[in-house]
Amino acid sequence: MLKGKQTWMFTNKPVILETGVTGGPFEANGEIAGDFDILYDDLWMEQDSYEKAHRHLMEKAVEIALEKGKIDKEQVQFFLAGDLINQVTPTSFAARTNGIPYFGLFGACSTSMEGLALAAFITNYGGANYVLTGASSHNAAVEKQFRYPTEYGGQKPPTAQWTITGAGVALVAPDGSMQGEFPHIVSATIGKVIDMGLKDPFNMGGAMAPAAADTILAHFKDTGLTPDDYDFIITGDLGQIGRETALDLLKQKGCDINQEKLKDCGLMIFKKDQPVLAGGSGAGCSAVVLYGHILNEMISGKYKKILLVATGALLSPLSVQQKDTIPCIAHAVAIEYGMNS
């Protein structure tokens, strides 16, 4: 049901049955390496291009989620996913491989929660028995498209972030599909495009922070909840600069969130001594952190209820070349862990 202006409340509380999480060599040395299902020791992954390696990350994540869930791909009604590469090519080619009816999504780095919100909506209202949703990115492929090929050795300012190499996929089903405890999808707040006039493609966190703040405020307004109703509010990949900016913006609007309560996927994935500048980023960032680390933390009892706010910068190489500003968006999904009803 719709609550307020931007929020869906999922009265049937669809569940995340299983996940598949893949990553690359940099992630293998990161803070949450133990939460990946598989980690590759090179960026090529036995493929002949970085873009094909990107596709492989998603194919493998889907395969793993289905294997863990003991579900055949023929049982899955829809595959909702996307990435950052031109026309979401790696994901579309992965959809060719798995043969599941497909919705290709583009929300930049917000794609993970865009897909999870839609998957929950579809299953909540009986539109499917099983939906796969996810997002992915590949450092070398994305850097080549949006900035410079890694071989170029271009220098980056401290505000820049490191695109993660990884794919995260969730298998979503209606509540009651299986016995036991599962992460339940409680609600989703769909963000609107916010553009504060920033043009610097090396400061994605600063550009996306206003969209994150706007969606968080909309979520609380629509639902009547407060930050105290969540163990943590976790943004997608604002990084250090964006997280601090979001905290300031929220405080200006009367929502003073404790710094310890507002976490960021881009700051959780890598170790402090890894040279990632302001933190991690990429469409796969929030996907791998949520579907790997955060859900494992929920299962272990550390978190009971979280709000994941994935942020996306909707720029393109074309818009940057035309010196346009950076429109941004954020989608929020509330997840709680517990018994099926």
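Note that the coordinates shown come from a computational prediction; the quantities given were computed from them, not determined experimentally.

Colleague: Which residues make up the pairing of strand S11 (residues 232-235), and what values go with them?
Modeller: Here S11 shows a buried face lined by Phe-232 and Ile-234 and a second buried face lined by Ile-233 and Thr-235. Examined bridge by bridge, S11 and strand S14 (residues 305-313) share four bridges and lie parallel to one another. By the bridge assignment for S14, Thr-235 is matched with Val-309. Alignment of S11 against strand S12 (residues 262-264), held across three bridges, turns out to be parallel. Within S12, the position partnered with Ile-234 by the bridge is Lys-263.

Colleague: Explain the pattern of salt bridges to me, using residue names and the numbers behind them.
Modeller: Applying the stated criterion across every chain, the model contains eight salt bridges. When the shortest N-O distance is used, the salt bridge between Asp-37 and Lys-68 registers 3.1 Å. Residue Asp-37 is located in the loop between helix H1 (25-28) and strand S4 (38-39), and its partner Lys-68 is located in helix H2 (residues 50-69); the two are separated by 31 residues in the primary sequence. Of the residues examined, Asp-37 reaches a relative accessible area of 37% and is grouped as partly exposed. The exposure class of Lys-68 is partly exposed, given its relative accessible area of 31%. Across the pair Lys-52 and Asp-48 runs a salt bridge, and its minimum N-O distance is 3.0 Å. Counted as one network, the salt bridges with shared partners bring together Glu-18, Asp-37 and Lys-68.

Colleague: Residues and numbers for the packing of helix H4 (residues 111-124) against helix H9 (residues 283-299), please.
Modeller: What describes two packed helices is the angle between their axes and the distance between those same axes. Their axes nearest at 7 Å, the elements H4 and H9 cross at an angle of 55 degrees. When the axes of H4 and H9 are compared, the pair comes out oblique. In this structure, H4 contributes Ser-112, Met-113 and Leu-116 to the contact, and H9 contributes Ser-286, Ala-287, Leu-290 and Tyr-291.

Colleague: Pulling in residues and values, what's your account of the nonpolar core?
Modeller: Buried together is how nonpolar side chains tend to be arranged in soluble globular proteins. Leu-116, Leu-290, Tyr-291, Ile-294 and Ile-306 are the most contacted members of the largest nonpolar core, which totals 83 residues. Per-element tally for this core: the top contributor is H9, with ten residues. Beyond its immediate sequence surroundings of up to four residues, Tyr-291 is in contact with Ile-16, Thr-19, Val-21, Ser-112, Met-113, Leu-116, Thr-133, Gly-168, Val-169 and Ala-170.

Colleague: Pulling in residues and values, what's your account of the side chain of Thr-19?
Modeller: If you trace the backbone, Thr-19 turns up in strand S3 (residues 15-23). At 2.9 Å, the side chain of Thr-19 and the backbone oxygen of Tyr-291 are in polar contact. Once residues lying within four places of it in the same chain are set aside, the contact partners of Thr-19 are Asp-37, Ile-64, Ala-65, Lys-68, Val-169, Ala-170, Tyr-291 and Leu-295.

Colleague: How would you explain the environment of His-54 if you had to name every residue and give the values?
Modeller: Among the secondary structure elements, His-54 is positioned in helix H2. Separated by 112 residues in sequence, His-54 and Gly-166 place their C-alpha atoms 7.9 Å apart. With residues up to four places along the chain from it excluded, the contact list for His-54 reads Asp-83, Ile-85, Pro-90, Ser-136, Ser-137, His-138 and Ala-141.

Criteria and thresholds
Residues numbered from 1 in each chain as written. Predicted model: local features only at pLDDT ≥ 70, side-chain atom pairs only at ≥ 80, totals over all residues. Heavy atoms only, no water. Buried < 20%, exposed > 50% of the residue type's maximum accessible area, 1.4 Å probe, protein only. Helix = DSSP H or I, 4+ residues; strand = E, 2+ residues; numbered from the N terminus. Pairing = 2+ DSSP bridges. Salt bridge = Lys/Arg side-chain N within 4 Å of Asp/Glu carboxyl O. Axes fitted to C-alpha atoms, helices over the stretch in contact; angles between N-to-C directions. Parallel < 35°, antiparallel > 145°, perpendicular 65-115°, else oblique. Contact = heavy atoms within 4.5 Å. Core = buried A, V, L, I, M, F, W, Y, C linked by side-chain atoms within 4.5 Å. Polar contact = N/O pair within 3.5 Å; in protein donor to acceptor, adjacent residues only side chain to side chain.

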